[in-house]
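Structural features, examined
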Amino acid sequence: MLKVRDDRRDLTRRIEVSRIVAGAVFSALTFAYWYIQIVQGDRYFELSENNRIRSVKVTAPRGYVLDREGRVLAENQPAYNLQLYRREARNLEESIAFAARTLDLPPEQVRARVERGLRDPEFLPIAIAENLGLEEVARIEARIPEHPEFAIAVSQRRLYRRNGEGAHALGYLSEASPDQIRRFGGVYRLGDWIGQKGIEASYERLLAGANGERRVVVDSYGREIDEENRLEAEPGQNLFVTLDAELQEIAEAYFRERVGAAVAMDPATGEILAMASSPGYDPNTFTRRVTAAEWNALTGNPDHPLQNRAVQNAHAPGSVLKVFLAYGALVNREVDPSASIFCPGQATFYGRVFRCHKKGGHGWVNLRNAIKVSCDVYFYNLGRRLGIDRIAEYARAFGFGEPTGIDLAFERSGLVPSEKWALEKRKARWYPSETISVSIGQGPILATPVQVARAIAGLVRGGTLPTPHLFLASQDPATGARLRYKAESKPGMPIDAASLALVKDGMWAVVNEPGGTAFGSRVPGLETGGKTGTVQVVGREAIPRAGADRRKLEDHAWFAGFAPLEDPRLVVVVFVEHGGHGSSAAAPLAKQIFAKRFGVALPPEPPPLLRAAAPPAPAPAPALAQARLAEKPLP
Amino acid sequence: MIPRVFVERRLDWIVLLSALSLAAIGVLFVTSASQGRFPGLPTRQALWIGVGLLAMTAGVLVDYRRLLKLSFLFYCASLLPLVYLLLFGERIANVKSWIRVGGFQFQPAELAKIATALLLAYLFENEDEGRLRPGTFLKLSAIVGVPFLLVFLQPDMGLASTFLPLLAVGLFYGGLPLRGWIAILLVLVVLMGGGWFLLKDYQKQRIGTFFNPEADVLGSGYQVRQSKIAVGSGGFTGKGYMEGTQSQLRFLPVQHSDFILAVIAEEWGFLGVLLVLGLFAALLLRALTLAALARDRGGVFLILGVTAMLFWSVTVNSAMMIGLLPTTGIPLPLVSYGGSSMATTFLGIGLILGVEYRRFANA
């Protein structure tokens, strides 16, 4: 049904009028643009050329890093940098020559920096040199009227206090690499600093804050005449880490002459109270802009000072593994703790002779004493009975063979061998004789110190494996608002009170009973337990390779301990590469750390002969009370 | 019967292609204006164009006469978020004109523009006397006045002003006699005198700056001055895509949205401006032709309403770029960065196309 068309002549006429109006308006606009762009174009082009706008970065102060007691570990100090605004340079070659001459830098180096900056927009400065001395700043400032393209910028430089202690846990800052710039998607620019390792890298976004920017107009002498725009910087969060600088200091001092790592951890929460790795490095080297020679010294060092041995190096755990096998076998009723085995000093399995570390043998030993004296023959027999797959099952239940999830990058997962592993990775059958080696923690089983610490925590606190971590709390510098770490854990081996008591008793005997392998390292007045480990690193065939470096033939030394015996609050793991025996090379540091943490004053080291005859420990009760007092709350 | 449908339903390629070309130029220059600063903007812009194309398709496919019948409902529904904003809205950039949903922001006023245009068309569907009756005049004033006031109070003068073309459409095409125009002019003069006292300080400042840009060189006159330098320095052929010193200096805080034409003018020169204005002229003049050809009065007024609003935004935006009008925060439709404007402009284009699409169709 068609609607009758109404009379639209009026309407059509008005639409015609509006077409003409619209056409006229568009013509007028076109004329106006023509006037500005063509008639006045040259004038405006000149104005745009004279628009000397500079972008000046307002560096956000990076958050401080403080230890659990509020002691400053990393802070900032002002640094003066030379920048070049190439838009204002009359002749770039002249500018390069001037900078090189004035600062005594190789011209190629300056030119390389300039060329790298040419890709950026013109109003952004090119970083030429950092950390100028005051005298250098004065020399540049004096010549700026002739070289208005240069500017001195004040930035913040990271300063690590405490002589680089805890360097591996803290990490360091250096210039963001092109790859990192891409990864963070435009937040960083060339020349910006970024956390490279440790918590500086793990909590980069928290610590860094957000840089601000000022848009300033400068005159032809490079003087700032006006500010057009300002984006305030957002300061980074302060970070409280779980480290205790005093414990850290003790650990670092111990490792001054040694190679290895130590971890002290609260087994209830996973808080890392100390983490040392040796050899170390001074993170301040990087914020001064590391020189080629320094870099080569660090990377060329055969001991790899940049590596964090506490999480990045996995070694055979040696006899430390025995306590986990003992507990696993006890829980699963696979060993009778009262049954004794005779240790003649060696035993033969599968046609091969395996020695005990004690030449004459330990005689009759039961489970408790086997832990105490670390009898190899006892554990050879236990291991043979369990078989490699059962051993692997127990080791995994304590978190071996997987990363602990600590808040540090590059963590190694270690290795737990099994028959399946041998077939898949080694393409060869598992040899039963290897099981014998693994049962005392030798052979292809590998663990990092932090894994061992978590495993001990899982053992002595019965069941759960706490996730080790360094983050304690972050604090907003403006409001003071804090964010605390939420402790995490994963289930370990089921709790069995009787078995646990037995293993802990054995570990107590290691430290506190004459004949225990770490008897020399007991802490008077404190109930500690532990286990030593001594790992043969080189088979006989490797001896000729080591050549002149006798040190490389020494065994690796382990000690893993905890205190107090009831409700343990501290686990200490010490690993000394080529240190010799666990008892003499590793346990003494644990003793010092326990003593410090629980407020026990240690007498000055007596001569070794007197040590065996030291008076028995006083009742533990007062020491425990002291221990609680010593645990100060967070500031 | 079926072949007839194919013959009678037709898309207008001039309108469609001009709109798509403008949107493409927009993405190109949003990329240039935001490079190194907001890396995600071009993608978001493209996404919004996608949303817009869906809205446009809907506008074409749904019979506009059905929409006209429901227009009062749409109109009321579109005003609700505006009322909500006034009561509970949070201020973003000094005005309460955004609703946030998840990561996206939306300006409900943009949708209200389309709803108002629909209701306007419905109002005039049966007004065939050739002159504006007093009752229609009052209804028209109310229809346009309510959303205008709601947006004006946000307070977003620029956005509010985009409703005024609808009033003009009603008055002019509805046939307001000469004495009516004179009366309105008188009322306006009186209101402007009084209105000065009602304006917010920053609005007064902008208007003051407009009349004397050199007085406040680094304040609000700064934008106009910098934008003129950008446009003027582009010359005939421009400095090259992504090569504009003014644009890459990011001298303006909103160069990817309101000031996008300055970026185009700087980097593509007068030729670029000719291209953009030419495309708009083609789109709008063609839309007027379609209006004259529309099957019924509702269709005529629907096209006129949408076209008038587009014309207003294009004119005001390109005039403020070179200091001919004060900076009011009106984006360049289809080209400027901004999701709500993009989506609803395409919806409007869809309605124009829809009217043409059904030109020969029977009810």
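Residues numbered from 1 in each chain as written. Chains lettered and ligands numbered in written order. Predicted model: local features only at pLDDT ≥ 70, side-chain atom pairs only at ≥ 80, totals over all residues.

Another point: the overall build of chain A. Helix and strand counts for chain A stand at 25 helices and 23 strands. Per-residue burial over chain A gives 45% buried out of 635 residues. Counted over contacts in chain A with a minimum sequence separation of 6, partners at least 24 positions apart contribute 73%. (Helix = DSSP H or I, 4+ residues; strand = E, 2+ residues; numbered from the N terminus. Buried ≥ 20, exposed ≤ 12 C-beta atoms within 10 Å, placed from the backbone. Contact = placed C-beta atoms within 7 Å.)

With that settled, consider the sheet that holds strand β22 (residues 556-563) of chain A. Residue and element names in this part refer to chain A. Taken in spatial order, the five strands make up an open sheet running β12-β11-β23-β22-β21, and their pairing is antiparallel. Only two strands of the sheet have a single neighbouring strand rather than two, namely β12 (272-278) and β21 (529-535). For this sheet, the mean inter-axis angle between neighbouring strands, taken without regard to orientation, is 5°. For β22 and strand β23 (residues 570-576), the ladder comprises seven bridges, and the chain directions are antiparallel. Bridge pairing links Trp558 to Phe575 in β23. In this fold helix α10 (residues 245-254) packs onto β11 (260-265) and β12, with an angle of close to 25° to the strand it touches most, β12. (Pairing = 2+ DSSP bridges. Axes fitted to C-alpha atoms, helices over the stretch in contact; angles between N-to-C directions.)

On to helix α6 (residues 108-124) of chain B, then. Its 17 residues give α6 of chain B an end-to-end C-alpha distance of 25 Å, which sits within 8% of 24 Å, the value for a rise of 1.5 Å per residue. By the criterion of burial, α6 of chain B is predominantly enclosed, with 17 of the 17 residues buried. (Expected span 1.5 Å × (residues − 1).)

By secondary structure assignment, the location of Gly41 of chain A is in helix α2 (residues 41-50). When the 20 C-beta atoms within 10 Å are taken as the criterion, Gly41 of chain A is described as buried. Apart from the residues lying within four places of it in its own chain, the contact partners of Gly41 of chain A are Gly232 and Gly235 of chain B.

Residue and element names in this part refer to chain A. Taken N-terminus to C-terminus, the directions of α10 and helix α23 (residues 582-597) make an angle of 160°; their axes are 10 Å apart at the nearest point. When the axis of α10 is compared with that of α23, the two are roughly antiparallel. Seen along the crossing, α10 lies across α23 with a hand that is right-handed. Taken together, the residues of α23 that come into contact with α10 (itself represented by Glu246, Leu247, Ile250, Ala251 and Tyr254) are Leu589, Gln592, Ile593, Lys596 and Arg597. (Parallel < 35°, antiparallel > 145°, perpendicular 65-115°, else oblique. Left-handed = near helix turned anticlockwise from the far one by under 90°.)

All names here are of chain A. The pairing of strand β14 (residues 346-349) with strand β15 (residues 352-355) spans four bridges and is antiparallel. Looking at the pairing, Thr348 lines up with Val353 of β15. Linking β14 back to β15 in an antiparallel pair, the connection comprises two residues, with Tyr350 at a positive phi of about 50°.

Contact residues are listed per partner, giving 39 residues for chain A and 44 residues for chain B. Put simply, the parts of the chain that give the side of chain A that touches chain B at least two residues each are α1 (9-39), α2 and β9 (224-231) of chain A. Counting residues per element, the side of chain A that touches chain B draws most heavily on α1 of chain A, which supplies 19 residues.

When glycine is set aside, most residues are seen to have a negative phi, and most peptide bonds are trans. Residue and element names in this part refer to chain A. Between Ser278 and Pro279 the backbone carries a cis peptide bond, its omega angle lying at 0°. Secondary-structure assignment places Pro279 in the loop between β12 and α11 (284-287). In this structure, the amide linkage connecting Ala563 to the following residue, Pro564, adopts the cis form with an omega of -15°. Within the fold, Pro564 resides in the loop between β22 and β23. Phi at His304 takes a positive value of approximately 50°, unusual for a residue other than glycine. Its location among the elements puts His304 in the loop between α12 (292-300) and α13 (309-312). The partly exposed category is assigned to His304, around which 16 C-beta atoms lie within 10 Å. Its identity is not glycine, yet Phe410 carries a phi of approximately 65°, on the positive side.

Moving on, we get to the packing of helix α5 (residues 71-88) of chain B against helix α7 (residues 134-152) of chain B. Residues and elements named next belong to chain B. Close contact between α5 and α7 brings their axes to 9 Å; oriented N to C, the two are set at 30°. Relative to α7, the element α5 lies roughly parallel. With respect to the hand of their crossing, α5 and α7 are arranged in left-handed fashion. The residues of α7 that touch α5, namely those facing Leu79, Leu82, Val83 and Leu86, are Val146, Pro147, Leu150 and Val151. The residue inventory of the contact of α5 with α7, partitioned by class, reads eight nonpolar, no polar and no charged. (Nonpolar A, V, L, I, M, F, W, Y, C, P; charged D, E, K, R; others polar.)

A few words now on the nonpolar core. Ala262, Val263, Ile456 and Val573 of chain A are the most contacted members of the largest nonpolar core, which totals 125 residues. If you tally residues by element for this core, the top one is helix α20 (residues 449-460) of chain A, at eight residues. Non-local contacts of Val263 of chain A, meaning those with residues more than four positions away in its chain, are made with Ile272, Met275, Ala310, Pro449, Val450, Ala453 and Val573 of chain A. In this structure, Met56, Phe124, Tyr173 and Met309 of chain B belong to the second largest nonpolar core, which totals 105 residues. (Core = buried A, V, L, I, M, F, W, Y, C linked by C-beta atoms within 7 Å.)

A separate point is the environment of Ala23 of chain B. All names here are of chain B. Along the chain, Ala23 falls in helix α2 (residues 13-34). In this structure the C-alpha to C-alpha distance between Ala23 and Val335, which are 312 residues apart in sequence, comes to 5.3 Å. With near-sequence residues (within four places) excluded, Ala23 lies in contact with Ile49 and Leu334.

Another aspect to go through is the pairing of β22 of chain A. Residues and elements named next belong to chain A. Within β22, eight of the eight residues are buried, leaving the element largely enclosed by the surrounding structure. What you see with β22 is no split at all: His556, Trp558, Ala560 and Phe562 on one side and Ala557, Phe559, Gly561 and Ala563 on the other are buried throughout. Sheet analysis places β21 next to β22, joined by seven bridges and oriented antiparallel. Following the sheet pairing, Lys531 is matched in β22 by Ala560. Linking two consecutive strands that pair antiparallel, namely β22 and β23, is a turn of six residues; a positive phi of about 50° is found at Asp567 within it.

Of the residues in chain A, 89% reach a pLDDT of 70 or more, and the chain-wide mean stands at 85. In the model, residues 607-635 of chain A has pLDDT below 50 throughout and makes 28 contacts with residues more than four positions away in sequence or in other chains. (pLDDT = per-residue confidence, 0-100.)

Residues and elements named next belong to chain A. Note that Pro468 resides in the loop between β17 (464-466) and β18 (471-475). As for Pro468 and Met265, which are separated by 203 residues in sequence, their C-alpha atoms are 7.5 Å apart. When neighbours within four sequence positions are excluded, Pro468 is seen to be in contact with Met265, Gly270, Ile272, Thr404, Ile406, Val450, Ala453 and Arg454.

Counting buried positions along helix α18 (residues 419-426) of chain A yields zero of eight residues, so the element is predominantly exposed. Lys427 of chain A, located one to two residues past α18 of chain A, shows a positive phi value of around 55°.

All names here are of chain B. For chain B, the mean per-residue pLDDT works out to 86, and 88% of the residues sit at or above 70. Within the model, pLDDT remains below 50 along residues 1-7, and this stretch shows zero contacts once partners closer than five positions in the same chain are excluded. Low pLDDT (under 50) marks residues 214-219, which in the prediction has nine contacts with non-local residues, meaning those over four places away or in another chain. This complex was scored by the predictor with a pTM of 0.60 and an ipTM of 0.92.

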